[in-house]
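Single-letter residue listing:
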Amino acid sequence: MHSNCEAVELILNGRSLGRQSVVKNKHLEWQVAYAPGRIEAHGYRGGKRVMHAVRETTGGPARIGLSSDRRQLAPGEVAVVRVAILDAKRREMPTASNRVSFTLTGDAKLLGVGNGDPRSLEPDHAMSRSAFNGLCMALVQAGAKDGLIRLEARGDGLAPALLPLIGLTKDIP
């Protein structure tokens, strides 16, 4: 683990695994047997906690989550849509590789899809993409007309997701 704090404490399922001082240009390491549940890191400066990070074991893939860098699009503008595979508790699944298919309605077009996997041979100009490390993306470009744009994402065995976007012909304030 790397940190810009003075010390870090690691906690596994509510039990402290100890606090270690941070040495500049070095990393921290704990030998921990795997256990499902919750692992937390608490960072300290001047004896006060200034950072807290949590990771939890996930269940199986259950649904798709969609988010976008924007919800309103002027003609020609592009929304970058983040697609995450989630478990039943809506936690992102860092190892999921489910295939996600997209349907787009409204005056817009799907410019492309991606997943960040440098080994992927899937086409970038397509209506579907496999997740890599639980994530993939879609690029949606607005057309010239006002109105609702809807991007739907579906995957086998997953609850689908719908992301509404608004196409605007006037400047966005």
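Along each chain, the written sequence defines residue order, and numbers are assigned to residues from 1. Residues qualify for local features only when their pLDDT is at least 70, as the model is predicted, and side-chain atom pairs are given and counted only at 80 or more; totals for whole chains, interfaces and linings, by contrast, use all residues. Based on all heavy atoms of the structure, the side-chain values leave hydrogens and waters out of the count.

1. Quick look at the pattern of salt bridges
So, point 1. Salt bridges are defined by distance alone: a side-chain nitrogen of Lys or Arg within 4 Å of a carboxyl oxygen of Asp or Glu. Counting across every chain of the model gives 12 salt bridges.
So, point 2. The residue R38 makes a salt bridge to E56 at a minimum N-O spacing of 3.6 Å. Of the two residues, R38 is situated in strand 3 (residues 38-45) and E56 in strand 4 (residues 48-56); the sequence distance between them amounts to 18 residues.
So, point 3. Residue burial is assigned from relative accessible area. The probe radius is 1.4 Å, only protein chains are included, and a residue is buried under 20% of its type maximum, exposed over 50%, and partly exposed in between. Of the residues examined, R38 reaches a relative accessible area of 32% and is grouped as partly exposed.
So, point 4. Two residues, R91 and D87, come together in a salt bridge whose shortest N-O distance is 2.8 Å.
So, point 5. Several salt bridges converge on common partners, so that one network encompasses R38, E40, E56, D87 and R91. What counts as a helix is a DSSP run of H or I of at least four residues, what counts as a strand is a run of E of at least two, and both are numbered from the N terminus.

2. So, the environment of N133
So, point 1. Looking at where N133 falls in the secondary structure, it is placed in the loop between strand 10 (128-130) and strand 11 (135-142).
So, point 2. Given the relative accessible area of 48%, N133 is considered partly exposed.
So, point 3. Separated by 17 residues in sequence, N133 and G116 have C-alpha atoms that sit 9.0 Å apart.

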